[in-house]
Amino acid sequence: VRRDLGIEEAVRRQAQKLGPASPGAVSLFVASDQFPQPIYLTEKGGWALALQALKSVRFENEFAAIVAGAQIQSERAIRLGVSAGQDMAGLSWQELTRSMVRALYRAGYDPRGVASLWKNWGLFVSQKLPAGTRQMAWQGLAAELEELAHQEIATLPPLLNPVVRTPEFAKIGKRLQKL
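Residues numbered from 1 in each chain as written. Predicted model: local features only at pLDDT ≥ 70, side-chain atom pairs only at ≥ 80, totals over all residues. Heavy atoms only, no water.

Enquirer: Describe unusual backbone geometry, and please don't skip the residues or the numbers.
Expert: Not every positive phi belongs to a glycine, and asparagine 161 is a case in point at roughly 55°. One can find asparagine 161 in the loop between helix H6 (133-154) and helix H7 (167-177). (Helix = DSSP H or I, 4+ residues; strand = E, 2+ residues; numbered from the N terminus.)

Enquirer: Account for helix H1 (residues 5-18), with residues named and values stated.
Expert: Taking 1.5 Å per residue as the helical rise, H1 with its 14 residues ought to reach 20 Å, and the 20 Å between its terminal C-alpha atoms agrees with that figure. On its buried face, H1 sits against strand S1 (26-29), strand S3 (47-50), helix H2 (51-55), helix H3 (60-80), helix H4 (93-106) and H7. (Expected span 1.5 Å × (residues − 1). Contact = heavy atoms within 4.5 Å.)

Enquirer: Account for H7, with residues named and values stated.
Expert: In an α-helix, one turn spans 3.6 residues; hence positions three or four apart end up facing the same way. For H7, the set of buried residues is Phe169, Ile172, Gly173 and Leu176. For H7, the buried positions fall inside an angular range of 115° around the axis, keeping them on one side. Facing away from the buried side of H7, by more than 90 degrees, are the exposed residues Pro167, Lys171 and Lys174. (Buried < 20%, exposed > 50% of the residue type's maximum accessible area, 1.4 Å probe, protein only. Arc of directions from axis to C-beta.)

Enquirer: Describe the pattern of salt bridges, and please don't skip the residues or the numbers.
Expert: Enumeration over the complete set of coordinates arrives at six salt bridges. Across the salt bridge formed by lysine 17 and glutamate 60, the nearest N and O atoms sit 3.3 Å from each other. In this pair, lysine 17 sits in helix H1 while glutamate 60 sits in helix H3, placing the two residues 43 residues apart along the sequence. Overall, lysine 17 belongs to the partly exposed group, its relative accessible area being 39%. Within this structure, Lys17, Glu60 and Glu168 form a network of salt bridges that share partners. (Salt bridge = Lys/Arg side-chain N within 4 Å of Asp/Glu carboxyl O.)

Enquirer: For the environment of valine 30, give the residues involved together with the corresponding values.
Expert: Its location among the elements puts valine 30 in the loop between S1 and strand S2 (39-41). Between the C-alpha atom of valine 30 and that of leucine 49, which follows or precedes it by 19 residues, the distance is 8.6 Å. With near-sequence residues (within four places) excluded, valine 30 lies in contact with Leu51 and Gln52.

Written out as structure tokens, the structure reads:
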């Protein structure tokens, strides 16, 4: 687990665009068989983001999807008064995915960033995690969540000029690629 102040600042700015919750510390971790999820909460309201999830980001709406996922989990944990590591504060991955789509939509981002996040995560899991039950479970879950994101998007009216990538994001996008 490590910190990167530039990434942390970008996450904070993105969080402000999406809603009121902002992280404590933002740390980066290497996803593994023990920690196969792209996002989890740490102590004192901190967010841990998988390096592999961040490295797969090509567009701002994908970055917004990761931040929205952490933000939604964090807001729920605070509301319920639960501590870090309590498996997403009782939130299912399906419920989180629907909430991420709606959060991006409300903020004017192309919500297909959520589907891209899960597609990329499924590819990472299938190629990089050790073969076994957890890898297969996450691979199936990622495919299910990608499909669920598309279904949720289909229920929303089209956005006029949704944000996919802004000039401000170009700098942080290059930094994410170098992680």
